[in-house]
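# Structural overview
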2 protein chains.
Amino acid sequence: AIAVEQRLMICADCDGMIEVWSRQPHTLLTWFASTRTKRQTNSQVLTKGQGSLLALARSQDFILTAHKGGLSGDEGLIRLWDLGSIEHSIGSASFGGSSNRSMISLLSSFVSFKSIANPKHAKDCYNTAFFLKGVIERLLPCSVKVIKTAPAHMPVVFARIPATQPNRPTVVMYGHYDVVDVNPQRGLWDTDPFEMEGRDGYYYGRGTTDNKGPIMAAIHALYELIEEGKADASTTCRLTSECPVNVILVYEGAQETDSAGLVESCLEVKEWFSSLDPTNSTILISNTYWLGDRVPCLVYGLRGLVQFTIELSGPSHDLHSGIDGGIIQEPMVDLMKLLGSLTDDAGCVQVEGFFDGIRTLGPEEQEMFEDLHRDFDCGKYVESRGVAQLSPSLQDAGPTDILQRRWCQPSLTIHGIQSSVFEMSLIPHKVSAQVSARIVADQDAASMVDAVQSHLFHTFSKLQTANELNIHVTRMVDSWRGDFKNKFYCAAQEAIRSIWKQDPLYIQEGGTMNNPLSKVLPGVPTLHLPIGQASDRAHLSNERIRWENLVKGKHVFKEFLKNLEAQCYDEYSCMLSCNGVVPCELNGLTPSSRCESLKESALTLDD
Amino acid sequence: AIAVEQRLMICADCDGMIEVWSRQPHTLLTWFASTRTKRQTNSQVLTKGQGSLLALARSQDFILTAHKGGLSGDEGLIRLWDLGSIEHSIGSASFGGSSNRSMISLLSSFVSFKSIANPKHAKDCYNTAFFLKGVIERLLPCSVKVIKTAPAHMPVVFARIPATQPNRPTVVMYGHYDVVDVNPQRGLWDTDPFEMEGRDGYYYGRGTTDNKGPIMAAIHALYELIEEGKADASTTCRLTSECPVNVILVYEGAQETDSAGLVESCLEVKEWFSSLDPTNSTILISNTYWLGDRVPCLVYGLRGLVQFTIELSGPSHDLHSGIDGGIIQEPMVDLMKLLGSLTDDAGCVQVEGFFDGIRTLGPEEQEMFEDLHRDFDCGKYVESRGVAQLSPSLQDAGPTDILQRRWCQPSLTIHGIQSSVFEMSLIPHKVSAQVSARIVADQDAASMVDAVQSHLFHTFSKLQTANELNIHVTRMVDSWRGDFKNKFYCAAQEAIRSIWKQDPLYIQEGGTMNNPLSKVLPGVPTLHLPIGQASDRAHLSNERIRWENLVKGKHVFKEFLKNLEAQCYDEYSCMLSCNGVVPCELNGLTPSSRCESLKESALTLDD
């Protein structure tokens, strides 16, 4: 089968091999998206499989091939070959033009910046911020500010695109260009984490899903929306503005640590925030993940977090276990007693007050939990964790039990223990443990700190020891719960329905996300709209994002913004009919047709 | 005050400054033995203190100065300035000549080799072995073998000096040229650990006391003994041989790890060992330390050691504490329960069988314990450890209680805990703890392994967990107890009396030393003759040995060998008088005068 694209010719043979030829110069470029080899840029056909190619289809951005057997011996496999990446591999990345290609090309550059959340990479973060500024300025009709309020802070990138029409809602898109370190995972990555690579329909690299991919998808959603708006404006008499809503972009560089400097930076553009109507604005964050890999989700809850460092010290220096063993009460022994007292034999937390103040689920929420089996399989969950079984209290549990435990119950983890010695002849004089507690809705961080500290000090007081216990609280983040029925969630739900052709799952996350913008914008509700899948491996080796999720994620963002515009007409129309707020399920029409019909009635009324 | 030494002129001024002038070329060399500055080789006087010099005395090897006030503000301080080192600092190290100067000069070179017990330093160890070979060959009349039986092994240096007379005892001197790593202590050293530096009467550097200093002292003891023997032989008609006893030197390079290859290497020189009479031989080891800093000691007991790595694993990879916290039984939590169960609230070990089979002390040994207050002060001990108090069960304990706990009771230490994660958002899928137990006389390592393993597996069986427990025994060394009344201990006791003018303390050590030579030479008793002080900081930063201990240690070795020779005459004389073994306390004469008088009677008898 042969397909010809503007500057490329794609040939597929019966062995399941795809060859890509560049027409100028005439060079064979072979790229195996489905194998683990690197992109090939020489003219040799490297692998011949045994499978047969059944069919080939080509769109502007990708080729779809159907195989029987094949290079990796798969049966009845359908593969998506990403043309954007092939183009990128021959160095023809371009701004604009096909938005998907630009998105991949720019994401690849974005990933190549080692913007690690670490002072050693301050220079990289600085360069990344200015790269991002350049991207936004070239794609969107707005000016961009890069603000850094202290030498130790990472710069924050701000941009604003006002809606052409007045009284439109404001969407503050908040993301981060910093990424977590890869050093502790050295050797676990299959490819260079800072050289984005396409494989099996996924893009691999540090930051692809957390959070560079979603940022590029959002910027390209705005780009397409504005380009379409321009085209519409010039050819029709629609009311559609170049930008249908007010947009403020806030991309920071310290989200993975403590968002230091973000609030201060926001003060520098406070006129942007002060002019916004809190009852008609949202903070849009795409920094969470789907529950599984199949069904798109909306997130309405996050657990909070309290982190402790528990330090025990005694002797002024390390001692020799031969000379002093048995004579000195060792700090490590005390620490083991303390940490051992935190749980019972079944691993249940024994800290008094640990489970106090947990929110009871209402019937509607209970019902939402029942829906989650659509993309959550208990057996697969256990298997993916590589454990023989779950916690004793969760034997034979179903999705609802497991997910309520994850989202609606606090948990305790002991991450690691530091000893002042490195060799087996010495007694450490100082040891410390990193312990954290996740807290849930209606619990607060301060009460959890009290509970854990009280338990530890009380247990310690029973030990006969002259060693010293110090507890440092290193992080406190409250839990979060959003109103999943507000108009922004409705607009997002509708966007997902329209793009993914299915209803989203309403989920929470067991993880924690600090949202410093909520301090800057009190009263403005947050909408968590994830575009990545559960298997994206954020923070881990081989972090990735699916090509389809990037592209459809972009479309969801675009549709979400269009729906907000449509809601304006709905509200306008409702206001006219004195009908109050329109539930989002009400209207069977698509937003754009709804918009068209409303435009007409609006014009009629104006008359 | 001014003193003139062969090639140096020493001037001391009233500010407590000492200037050392080399006479050829005329250069001012200033060396502040008492300050922490590095050796100065330029002509500027760098520091002027406020103290005044009261007196100065000079011997061949050192200068003694008495101060009031001074550079460091000390009151009534007496300082020993080491001329050997001054000479070394101007590059005039010489073999032979003054033995003390040669000893320091060669020790300084010996310390400069980074013979760290680690495969990465295999090349350094190789070079060190050949340096040692060169030293022995140039100082002693013997051939030296360097033997390496496998690529992974460190070479072992062997030398043999047969006694001139037949039927003399054999002393196998066993030491090691490898040293423990300094990396974990980086930053804690005041000076470069591999550049030996003199300060306040001590030499600082890695290996100065463990074990390079004692090796150099022993080699120079033999050197002096043989030189004196030569002189005697040429000027008098004494029976004294060039070497009074048979000596075999065994210096290995893997003692700090596992002595890998030592036994195999010994097989290569098995004719040396097979010819030796086990009833008339000893293994002499100087790799232990005094009880305190004042009274010389003989060591007759060592604790044994069992080391474990306790490993807990569950999930196949690290998990996220937000996503999976509360659902998975965490391996770290299980490990804390296990380790917490090892002790009670007072830190007493709760392992069944841990204290089984401990030897009861006889009345004579009890009495020896009472003597130890001569160089052990409980208050100072507690202070030096930098602890508020000792273990609860040792409150208000005296030296006997504390030292019996250290030497005659087993103990348990948890050294460190490894976690597979490095950041506070992850749940480690695998954790492990390093735990060791010291065992005492009449306990054996295998029983201790059983006791600890049984406790851990039993406790683990009560936990409701699907995680996996693995226990690895990484090291097993039995305890050791020597016959402190044999003739070698007697000869050593007498040597110490003669050199240090006081009776040694008979002590044990809480530490452990593997003695692979005892396997090569079954039935040959070991003599542990320490020359370093308790404060030498073996294995720690700022390891050191006192100048006086090096010099007197050398003399003790020399006197010990002479005493063995004298014992031969005693035994000969006793045999003649049919009197059995002579108790070492019997003879009030010094060994040499005893030797002289015996020589005469032997000559008489020969007639």
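Criteria and cut-off values
Every chain begins its residue count from 1, and numbering advances along the sequence as written. Whichever chain is written first is A, and whichever ligand is written first is 1; the rest continue in order. Confidence filtering applies because this is a predicted model: local features only for residues at pLDDT of at least 70, side-chain atom pairs given and counted only at 80 or more, and all residues used for totals across whole chains, interfaces and linings. Heavy atoms from the whole structure form the basis of all side-chain values; hydrogens and water molecules are not counted. Where helices and strands are cited, they refer to DSSP runs of H or I of at least four residues and of E of at least two residues respectively, numbered from the N terminus. Accessible area is worked out with a 1.4 Å probe on protein chains only. A residue is then buried under 20% of its type maximum, exposed over 50%, and partly exposed in between. Whether two residues are in contact is decided by their heavy atoms, any of which lying within 4.5 Å being enough. Residue burial considers only the protein chains on display, and all accessible areas are found by Shrake-Rupley using a 1.4 Å probe. The copies were overlaid with a least-squares fit restricted to C-alpha atoms from residues scoring a pLDDT of at least 70 in each copy. A pair is scored as a salt bridge if a Lys or Arg side-chain nitrogen falls within 4 Å of a carboxyl oxygen belonging to Asp or Glu. To estimate the expected span of a helix, count its residues, drop one, and scale the result by 1.5 Å. Residues belong to a common nonpolar core when they are buried Ala, Val, Leu, Ile, Met, Phe, Trp, Tyr or Cys residues joined through side-chain atoms within 4.5 Å. A pair of aromatic rings is counted whenever rings of Phe, Tyr or Trp (Trp by its six-membered ring) have centres within 6.5 Å, and the orientation is called stacked for planes under 30 degrees apart, edge-to-face for over 60 and tilted otherwise. In short, DSSP must find at least two bridges between two strands for them to pair. Between N-to-C directions, angles span 0 to 180 degrees; the directions come from axes that are lines fitted to C-alpha atoms, helices contributing only their stretch in contact. Here the buried area means the combined drop in accessible surface, using a 1.4 Å probe, for two parts upon being joined, counting both sides. Between N or O atoms, a polar contact is any pair within 3.5 Å; within protein, one atom must be a potential hydrogen donor and the other a potential acceptor, and residues adjacent in sequence are included only when both atoms are from side chains. Think of it this way: Lys and Arg go in the positive column, Asp and Glu in the negative one, and His and the chain ends go nowhere. Geometric relationships in this document are graded by angle, where less than 35 degrees denotes roughly parallel, more than 145 denotes roughly antiparallel, 65 to 115 denotes roughly perpendicular, and other angles denote oblique. Crossings are sorted by hand: turned counterclockwise from the far helix by less than a right angle, the near helix makes the crossing left-handed, and turned clockwise it makes it right-handed. In this count, Pro and Cys sit with the nonpolar residues alongside Ala, Val, Leu, Ile, Met, Phe, Trp and Tyr, while Asp, Glu, Lys and Arg are called charged and the others, Gly among them, polar.

## Quick notes on the overall build of chain A
Regarding its fold elements, chain A presents 16 helices and 25 strands. The buried share of chain A, reckoned over its 607 residues, is 59%. Once local pairs closer than 6 in sequence are excluded, the contacts in chain A between residues at least 24 apart make up 74%. Element-wise, carbon and sulfur atoms account for 51% of the exposed surface of chain A, whose accessible area totals about 23900 Å².

## So, the relation of the copies chain B and chain A
Each copy of the sequence occupies a distinct position, and chain B is placed on chain A by a rotation of 180° and an axial shift of 0.0 Å, giving an RMSD of 0.1 Å. The superposition of one copy onto the other is thereby described by a two-fold rotation axis. In this assembly, 100% of the residues forming the interface of chain B have copies in chain A that are likewise at the interface, indicating an isologous arrangement.

## Brief notes about the pattern of salt bridges
Residue and element names in this part refer to chain A. Using the criterion set out here, one finds 32 salt bridges over all chains in the structure. Notably, a salt bridge pairs E548 with K552, separated by 3.0 Å at the nearest N-O pair. Residue E548 and its partner K552 are both found in helix 15 (residues 547–577); the two are separated by 4 residues, about one turn of the helix. The class of K552 is partly exposed, set by a relative accessible area of 25%. Each of E224, E228, K554, K558 and K562 takes part in salt bridges that share partners, so that together they form one network.

## Topic: helix 2 (residues 99–112) of chain B
All names here are of chain B. The end-to-end C-alpha distance of helix 2, which contains 14 residues, comes to 20 Å, matching closely the 20 Å that a straight helix rising 1.5 Å per residue would cover. The element helix 2 is largely enclosed, with a buried count of 12 among its 14 residues. Of all the positions in helix 2, only S99, N100, R101, S102, M103, I104, S105, L106, L107, S108, F110 and V111 are classed as buried.

## A few points about the nonpolar core
Within soluble globular proteins, side chains that are nonpolar tend to cluster in buried spots. In terms of nonpolar packing, the biggest core is built from 113 residues, with I136, L140 and F560 of chain B touching the most fellow members. Considering every element that reaches this core, the biggest residue donor is helix 4 (residues 208–235) of chain B, with 10 residues. Those residues in contact with L140 of chain B that lie beyond four places of it in its chain are I161, I219, L222, Y223, I226 and L249 of chain B. One finds C142, Y177, L249 and V295 of chain A within the second-largest nonpolar core, a separate group that totals 93 residues.

## Comments concerning the environment of S391 of chain A
Along the polypeptide, S391 of chain A turns up in the loop between helix 10 (378–385) and helix 11 (399–408). Spatially, the C-alpha atoms of S391 of chain A and G347 of chain A are 7.5 Å apart, while their sequence positions differ by 44 residues.

## Remarks on the packing of aromatic side chains
Residues and elements named next belong to chain A. For the structure shown, the criterion picks out 24 aromatic pairs over all chains. Taken together, a centroid distance of 5.5 Å and an interplanar angle of 45° make the contact between F369 and W407 tilted. Within this pair, whereas F369 is found in helix 9 (residues 363–370), its partner W407 is found in helix 11, the two being separated by 38 residues in sequence. The class of F369 is buried, set by a relative accessible area of 1%.

## With respect to the pairing of strand 9 (residues 156–161) of chain B
Residues and elements named next belong to chain B. Within strand 9, 5 of the 6 residues are buried, leaving the element largely enclosed by the surrounding structure. As paired strands, strand 8 (residues 144–147) and strand 9 are joined by 4 bridges and run antiparallel to one another. Bridge assignment links V146 to a residue of strand 9, and that residue is V157.

## Concerning the sheet that holds strand 11 (residues 197–199) of chain A
Residue and element names in this part refer to chain A. Taken together, 3 strands build an open sheet; the order of strands is 11-12-25 and the sheet is antiparallel. Whereas interior strands pair on both sides, the edge strands pair on one side only; in this sheet they are strand 11 and strand 25 (544–546). The average angle at which neighbouring strand axes cross in this sheet is 25°, direction not considered. Bridging between strand 12 (residues 202–204) and strand 25 involves 3 bridges; their strand directions are antiparallel.

## Describing unusual backbone geometry
With omega at 15°, the peptide bond leading from D210 of chain A into N211 of chain A counts as cis. Looking at the secondary structure, you find N211 of chain A in the loop between strand 12 and helix 4 (212–235). With phi around 75°, D442 of chain B is a residue other than glycine that occupies positive phi space. Tracing the backbone through its elements, the reader meets D442 of chain B in the loop between strand 20 (430–439) and helix 12 (445–462). In this model, K501 of chain B sits at a positive phi of 60°, which is unusual for a non-glycine residue.

## Focus: the interface of chain B and chain A
Counting from both sides, the interface comprises 73 residues of chain B and, opposite them, 73 residues of chain A. Carbon and sulfur atoms supply 56% of the area buried between chain B and chain A, which totals about 6200 Å² over both sides. Where chain B packs against chain A, one counts 2 salt bridges. In this structure, D324 of chain B engages R385 of chain A in a salt bridge whose closest nitrogen and oxygen atoms are separated by 2.7 Å. Across the chain B-chain A interface, the total number found is 42 residue pairs in polar contact (both at pLDDT 80 or more).

## Remarks on the environment of L249 of chain A
Residues and elements named next belong to chain A. On the secondary structure map, L249 appears in strand 13 (residues 246–252). Expressed as a C-alpha distance, the spacing of L249 and I161, which sit 88 residues apart in the sequence, is 8.5 Å. Leave out the neighbours within four places in its chain, and L249 touches I136, L140, V157, F158, A159, M173 and L222.

## A look at the sheet that holds strand 18 (residues 411–419) of chain A
Residue and element names in this part refer to chain A. As summarised here, the arrangement of the 4 strands in space is 18-20-16-21, forming an open sheet in which the pairing is antiparallel. What marks the edges here is a single partner per strand, and that holds for strand 18 and strand 21 (468–477). When the angles between neighbouring strand axes are averaged without regard to direction, this sheet yields 15°. Relative to strand 20 (residues 430–439), strand 16 (residues 304–313) runs antiparallel, the two sharing 10 bridges. Residue L305 lies in a different strand from strand 20, and its bridge partner there is R438.

## Details of the side chain of D178 of chain B
Residues and elements named next belong to chain B. On the secondary structure map, D178 appears in the loop between strand 10 (170–176) and strand 11 (197–199). Here D178 occupies a buried position and makes no salt bridge, while the nearest side chain of opposite charge, K212, is found at 8.7 Å. Of the polar contacts made by the side chain of D178, one reaches the backbone nitrogen of E256; its length is 2.8 Å. D178 has contacts with S115, A117, D210, E252, G253, A254, Q255, E256 and T257, leaving out every residue within four places of it along the chain.

## A closer look at the packing of helix 8 (residues 331–340) of chain A against helix 8 (residues 331–340) of chain B
Two elements in contact, helix 8 of chain A and helix 8 of chain B, have axes whose closest approach is 8 Å; the angle formed by their N-to-C orientations is 125°. In terms of axis orientation, helix 8 of chain A runs oblique to helix 8 of chain B. Helix 8 of chain A and helix 8 of chain B meet at a crossing whose hand is left-handed. Together, M336, K337, L339 and G340 of chain A of helix 8 of chain A and M336, K337, L339 and G340 of chain B of helix 8 of chain B make up the contact between the two elements. Classifying every residue of the contact of helix 8 of chain A with helix 8 of chain B gives 4 nonpolar, 2 polar and 2 charged.

## What to know about the packing of helix 10 of chain A against helix 11 of chain A
Helices that pack against each other are described as a pair by the angle of their axes relative to one another and the distance between those axes. Residue and element names in this part refer to chain A. Direction vectors running N to C along helix 10 and helix 11 enclose 50°, while the axes themselves pass 10 Å from each other. In terms of their interaxial angle, helix 10 and helix 11 are classed as oblique. Each of C378, Y381 and R385 in helix 10 lies in contact with helix 11, whose residues at this interface are P399, I402 and R406. Among the residues forming the contact of helix 10 with helix 11, the class breakdown is 4 nonpolar, no polar and 2 charged.

Purely geometric stuff here, so don't read any function into it on its own.
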